[in-house]
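In case you want the letters, here they are:
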Amino acid sequence: SFQSDVVPQAPEDPLFGLMAAFRRDTDPNKVDLGIGAYRDDNAKPWVLPVVKRADETLRKDPNLNHEYLPIAGLAEFTSASQKLVLDADSPALKEKRATSLQTISGTGAVHLGALFLSKFYHPNTQRTVYFSDPTWPNHFQIFSNVGLPYKTYPYFSKKTKGLDFDGMVSSIESAEEGSIIVLHACAHNPTGVDPTQEQWKKIAEVIRAKKHFPFFDTAYQGFASGDLARDAWAIRYFIEEGFELCIAQSYAKNFGLYGERAGCFHFVTSPGSDAESTVSRVASQLAILQRSEISNPPAYGARIASLVLNDKELFAEWEANLKTMSGRIIEMRKALRSKLEELGTPGTWNHITDQIGMFSFTGLSEKQVLKLREDSHVYMTKNGRISMAGLNTHNVEYFAKAVDKAVK
Ligand code: PMP
């Protein structure tokens, strides 16, 4: 039998625990700023109109069945995903330097990449994965589960509530040669702080000099700025620079397909005469890993995304839906900042509008976060992160006043 000392009680996942506490709270003014899922102006989940259309089309299709997908997933979906993240004209696609597998959303893509690297990336030497401090907490669990040791590089400056660029660069510079560097492509979770394009160039330079391996996690393309190309800029720059890298891509946020688990893992190798052979060998191993882990990915979400990605008209409608979501969030950033400034809440609040994407790192302390929960029924993670999508025209003033009270 399993004894208690062998299977100790694990703590509840902090984020999912927070959601449960919110659901138990009966106060009519309660505000949920915890989980990173888009909400409309009435705090309701939003099915993207383009997703609704694609869904209706699929349901009407008399040929739709529930057969297995291939191991690597739906081919129309993975090839459209490559074009979306790399650009249709990417040299990596023309030169057949990329291989892609459909995964269980972004989490599955990070996992497949981590597992692949743990098996095949310099397998006989000590390798270290570097995450930003802070990062999406699941990075730690996913990479440790496959036995890769990790360290962190500084990222967030508590002083400016912006990027600690010097700290980041010098840490990557002093990391052991050939380390794996995990990078958030845009809309960094949890801070909402991204490097500028000039800063990305410098980061690429340091990664090249130290022969590190970049691993991009992209969960917010189009959702961050409303512009798909802009949100993919860093990845495309690294590809242009000829890096070999991998990419974990999620469609949870930008399609609102959270529970459908649509995602993609991409491996892109550097230009060279052996590129096609590398990609073929890598693809063959990824297929074996995928087969043993999930056999083949779930079909429905990928079918929806694929319909939209491969149809000009639907694609344009999707871009408009992305602008609706990113636009509403940007409006809420402006509203929150101006309300806090109007109230004269101690501190500076420019970071609320400087940061981008689903989240804002407010700079509120753990004590203030708990006070907000107790006094005002506002739910956010202990590190002071708020999901901007939880704010709307009906509660932003209430939240600003609650913050004001907690800070003063
Ligand atoms: N990476 C980051 C940085 C994220 O923020 C998320 C979503 N919270 C993911 C990956 C993956 O999420 P999912 O598995 O739902 O696509």
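If you're wondering where the values come from, they're calculated on a predicted model, not measured in any experiment.

1. What about the UniProt feature "domain: Aminotransferase class I/classII large" (unreviewed entry) in the chain?
Under the present numbering, the feature "domain: Aminotransferase class I/classII large" (unreviewed entry) in UniProt falls on residues 29-402. Counting secondary structure, residues 29-402 comes out at 46% helix and 15% strand; the distance between its end C-alpha atoms is 11 Å.

2. Some details on unusual backbone geometry
The residue after D133, namely P134, is reached through a cis peptide bond having omega 5°. Here P134 is to be found in the loop between β3 (129-133) and α6 (138-145). For D87, which is not glycine, the phi torsion reads 95° and is therefore positive. Checked against the element boundaries, D87 lands in the loop between α3 (75-86) and α4 (91-94).

3. Observations regarding the site of the ligand
Surrounding the ligand, one finds 14 residues, the nearest of these being S105, G106, T107, N189 and S250. Ranked by residues supplied to the shell around the ligand, first place goes to helix α5 (residues 105-120) with 4 residues. Grouping the amino acids of the shell around the ligand by side-chain chemistry returns 5 nonpolar, 8 polar and 1 charged.

4. Looking at the packing of α5 against helix α11 (residues 275-293)
Where α5 contacts α11, the axes come no closer than 10 Å and their chain directions differ by 120°. Taken as axis vectors, α5 and α11 run oblique relative to one another. Between α5 and α11 the crossing geometry is right-handed. Touching L112, L115, F116 and F120 of α5 are Q285, L286, L289 and Q290, all from α11. Here the residues of the contact of α5 with α11 sort into 6 nonpolar, 2 polar and no charged.

5. Remarks on the pairing of strand β8 (residues 213-218)
Of all 6 residues that make up β8, 5 are buried, and the element is covered over most of its length. Here strand β7 (residues 180-184) runs beside β8; their pairing, made up of 5 bridges, is parallel. The partner of H184 across the bridge, within β8, is D217. One crossover worth recording links β7 to the parallel β8 by way of helix α8 (residues 197-209), and it is right-handed. Bridge analysis of β8 against strand β9 (residues 245-250) gives 4 bridges, and the strand direction is parallel.

Quick notes on the rules
- Residues numbered from 1 in each chain as written.
- Predicted model: local features only at pLDDT ≥ 70, side-chain atom pairs only at ≥ 80, totals over all residues.
- UniProt positions renumbered as here; feature names shortened; annotations may be inferred.
- Helix = DSSP H or I, 4+ residues; strand = E, 2+ residues; numbered from the N terminus.
- Near = placed C-beta within 6 Å.
- Nonpolar A, V, L, I, M, F, W, Y, C, P; charged D, E, K, R; others polar.
- Axes fitted to C-alpha atoms, helices over the stretch in contact; angles between N-to-C directions.
- Parallel < 35°, antiparallel > 145°, perpendicular 65-115°, else oblique.
- Left-handed = near helix turned anticlockwise from the far one by under 90°.
- Contact = placed C-beta atoms within 7 Å.
- Buried ≥ 20, exposed ≤ 12 C-beta atoms within 10 Å, placed from the backbone.
- Pairing = 2+ DSSP bridges.
- Right-handed = clockwise from strand over helix to strand, strands pointing away.

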